[in-house]
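Chain by chain, the residues:
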Amino acid sequence: MTPGAEGPSPRRRGRPSRTADTGPDARTRILEAARTEFAERGYDKTSVRGIARAAGVDAALVHHYFGTKDEVFAAAIELSFEPALVLPQVLGGPADGLGERLARYFIGVWENPVSRAPLLAILRSALTHEAAAKVLRGFVLRRLLERIAAELDVPDPTFRAELAASHMIGIAMLRYVIRAEPLASADPEKIIGMVAPTLQRYLSDG
């Protein structure tokens, strides 16, 4: 190196290098790797470095796109629920069918093996780790319940939405985590048919 020439500038923590694999494909790989890592290892044993390794990228790129492990975890939750795509469909129909649409959406997400595995990991992590529970609470409250409550023309909409969520999460715990019979092997349509009127009662004055 000639005198006075500047060497390569040092990389800042949390930023990808200029040669890092950036772009939508890298972000998608990171998110898919994160969902798999959380599903297989749980919250405690998953690390940003492990996610980066599984995605084939530098750990700084994970921080660049998602920030902390908690934020990667939140993004993995959102990937499983995909609320931005589904909630308009759930909330946009006739008010008297909201309970059935919500029950059908929720059971459908859990019955799909692709989304069920990471959701099981999310629930189990939330039961054993406060940081994971905090992330899940924040997601459920901000991205799901507040959006549902905003569409309800009833008194105490947030409280009603939380009651509906507690009912559905209870079903998920008993059917998919604890696997209590006969609920665990019941036909999904039977569950939807019995749960929908209760959700409708929570979410409307009727």
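Note that the structure is a prediction, hence the values are computed from the model and not measured.

## A few points about the confidence of the model for the protein chain
Mean pLDDT over the protein chain works out to 80, with 84% of the residues at or above the 70 mark. Here helix H5 (residues 83-91) stands out as the least confident element of the protein chain, with mean pLDDT 71; helix H10 (residues 188-203) is the most confident, with 94. Residue range residues 1-19 is modelled with pLDDT below 50. Its contacts to residues more than four positions away, or to other chains, number 14 contacts.

## Examining helix H8 (residues 130-150)
Taking 1.5 Å as the rise per residue, H8 with 21 residues should run 30 Å; its terminal C-alpha atoms sit 28 Å apart, in good agreement. Of all the bends in H8, the greatest, near 35°, is centred on Leu141. Within H8 the residues assigned to the buried category are Ala132, Ala133, Val135, Leu136, Gly138, Phe139, Val140, Leu144, Leu145, Ile148 and Ala149.

## What about the packing of aromatic side chains?
Taken as a whole, this structure holds six aromatic pairs when the rule is applied. Among the aromatic residues, ring-to-ring pairing joins Phe38, Tyr43 and Phe73 into one connected group. Here Lys69 stacks its cationic end above the ring of Tyr43, 4.2 Å away from the centre of that ring.

Parameters and conventions
- Residues numbered from 1 in each chain as written.
- Predicted model: local features only at pLDDT ≥ 70, side-chain atom pairs only at ≥ 80, totals over all residues.
- Heavy atoms only, no water.
- pLDDT = per-residue confidence, 0-100.
- Helix = DSSP H or I, 4+ residues; strand = E, 2+ residues; numbered from the N terminus.
- Contact = heavy atoms within 4.5 Å.
- Expected span 1.5 Å × (residues − 1).
- Bend = angle between axes of the 7 residues up to and from the residue.
- Buried < 20%, exposed > 50% of the residue type's maximum accessible area, 1.4 Å probe, protein only.
- Phe/Tyr/Trp six-rings, centres within 6.5 Å; stacked < 30°, edge-to-face > 60°.
- Lys NZ or Arg CZ within 6 Å of the ring centre and 35° of its normal.

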